[in-house]
Amino acid sequence: MFRYLIPLALFLVLVVFLAIGLTRNPQELPSALINKPAPDFRLPQLKDPAKTFSAADMRGKVWMLNVWASWCIACRDEHPFLFRYAQSGAVPIYGLNYKDYRENALGWLGELGDPYLLSVTDLDGRVGMDYGVYGAPETYIIDKRGTIRLKHVGPVTPDVWSKEVLPVVQELNRQ
Amino acid sequence: MKNYMTRALLLICLLLPALAMAQVRTEEKPTDPAIEKRLANLSHELRCLQCQNQTLADSPSDLAADMRQEIREQMKAGKSDKEIVAFLTDRYGQFILYRPRVSPVTYLLWFGPFVLLLTGLYVLYQYIKHRRDSITEKPLTAEERRRAEEMLRS
């Protein structure tokens, strides 16, 4: 009797594996940069190109770098939530305007509002490449020593914010 | 007529982002055949991260074009293939390699199929052995022999 149950048991194991597989997002890749120093950059600020901003300016602070572009559709979904996160004061949010034209980017912020403390312009996407950006929006949490501690690909929904981002930010701020 | 105009305008609007994207960093026209050959070889080994089942060589995506351009520039700067691959894996991880390196993380990937094959062979061996043991040869009884001869005769 028992031997007839073996195929059934094997089938159930297979079902469990496939079910787990279905819940995972194949677009999400393990980042090579977690716990590595955040690549430094010095880029012109979007609103005032005469001024620059550098990752090194943020030493001693836990901060969030959000990669966005006016051509990026998922960024539009994420955008309203960023205001909420910014207002909560949990972490300073800076924008990396990735492969975007200045006028388009400014138009986007004019239309939808600007949740960022400031955004920098990465016109040719070189800084994006240093950060391993492959699908905007992407979000990085960088600690006081300038180490990348979290990377999220895709919109930071309230769920992602409260379950993934916020705990990391709070932990890093305690250190 | 007005409807037609609206449609045309809409189409142009839809195509605008593509145009904008293409201008931000363009992939240059191939000039140096030696570099193009190296690029072709290398980019067939690399995965495009946007459309994950295509190689960097085949992908029409903007990110792939950027990466090809980056590789081209690094080749011109005299970087070896190994250095370029290291540059890319530092940023995008091992996933970018179509043939991931053998490391503890990828042991299951590389050796898993062989483990499965050996397990299968062992199970098959046990099964055959079990079957063979359960078949024992018994000589025919007198009655059986008589019936068999009867069948053969008819």
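So, how was this worked out
- Residues numbered from 1 in each chain as written.
- Chains lettered and ligands numbered in written order.
- Predicted model: local features only at pLDDT ≥ 70, side-chain atom pairs only at ≥ 80, totals over all residues.
- Heavy atoms only, no water.
- Helix = DSSP H or I, 4+ residues; strand = E, 2+ residues; numbered from the N terminus.
- Polar contact = N/O pair within 3.5 Å; in protein donor to acceptor, adjacent residues only side chain to side chain.
- Contact = heavy atoms within 4.5 Å.
- Buried area = accessible area lost by both parts, 1.4 Å probe.
- Salt bridge = Lys/Arg side-chain N within 4 Å of Asp/Glu carboxyl O.
- Nonpolar A, V, L, I, M, F, W, Y, C, P; charged D, E, K, R; others polar.
- Phe/Tyr/Trp six-rings, centres within 6.5 Å; stacked < 30°, edge-to-face > 60°.
- Buried < 20%, exposed > 50% of the residue type's maximum accessible area, 1.4 Å probe, protein only.
- Pairing = 2+ DSSP bridges.
- Disulfide = S-S within 2.5 Å.

Draft legend 1. Here's a closer look at the side chain of Lys-99 of chain A. With respect to the helices and strands, Lys-99 of chain A occurs in the loop between strand 4 (93–98) and helix 3 (102–112). Reaching out from Lys-99 of chain A, the side chain makes a polar contact with the side chain of Asp-62 of chain B at a distance of 2.9 Å.

Draft legend 2. Fine view of the interface of chain A and chain B. Contacts between the two partners involve 18 residues from chain A, matched on the other side by 21 residues from chain B. Here chain A and chain B share an interface that buries about 1900 Å² over both sides, 55% of which is from carbon and sulfur atoms. At the junction of chain A and chain B, the tally comes to 5 salt bridges. Taking the shortest distance from any N to any O, the salt bridge between Glu-73 of chain B and Arg-126 of chain A comes out at 3.2 Å. In this assembly, chain A and chain B are joined by 4 residue pairs in polar contact (both at pLDDT 80 or more). The biggest single contributor to the side of chain A that touches chain B is helix 4 (residues 126–130) of chain A, with 3 residues. Here the residues of the side of chain A that touches chain B sort into 11 nonpolar, 3 polar and 4 charged.

Draft legend 3. Local environment of the packing of aromatic side chains. Residue and element names in this part refer to chain A. Evaluated as defined, the whole model comprises 11 aromatic pairs over all chains. Taking 4.1 Å as the distance between ring centres and 10° as the angle between the ring planes, the aromatic pair formed by Tyr-85 and Trp-161 counts as stacked. Here Trp-161 lies in helix 5 (residues 158–174) and Tyr-85 lies in helix 2 (residues 73–88), a separation of 76 residues in the sequence. No difference in accessibility class separates Tyr-85 from Trp-161, as the two residues are buried. Put simply, the rings of Phe-41, Phe-53, Trp-63, Tyr-94, Tyr-131 and Tyr-140 pair up and form one aromatic cluster.

Draft legend 4. Representation of the pairing of strand 6 (residues 138–142) of chain A. All names here are of chain A. The buried count for strand 6 comes to 5 of 5 residues, which makes it a mostly enclosed element. Residues of strand 6 alternate between two faces, with Glu-138, Tyr-140 and Ile-142 on one and Thr-139 and Ile-141 on the opposite face, all of them buried. Pairing of strand 3 (residues 63–68) with strand 6 involves 5 bridges; the strand directions are antiparallel. Across the sheet, Leu-65 pairs through a bridge with Tyr-140, a residue of strand 6.

Draft legend 5. Focus on the state of the cysteines. All names here are of chain A. Evaluated as defined, the whole model comprises 1 disulfide over all chains. Between Cys-72 and Cys-75 runs a disulfide, and the two sulfur atoms are separated by 2.2 Å. As the torsion about the S-S bond is roughly 90°, the Cys-72-Cys-75 disulfide counts as right-handed. Comparing Cys-72 with Cys-75 shows no difference in burial state: the two are buried.

Draft legend 6. Examining the pattern of salt bridges more closely. For the structure on display, the rule yields 19 salt bridges over all chains. Between Lys-99 of chain A and Asp-66 of chain B there is a salt bridge, and its shortest N-O distance comes to 2.5 Å. One end of the pair, Lys-99 of chain A, is in the loop between strand 4 and helix 3; the other, Asp-66 of chain B, is in helix 3 (residues 62–76), on a second chain. The residues Lys-99 of chain A and Asp-66 of chain B share a single accessibility class, namely buried. Where salt bridges share partners, they join Asp-124 and Arg-126 of chain A together with Glu-70 and Glu-73 of chain B into one cluster.

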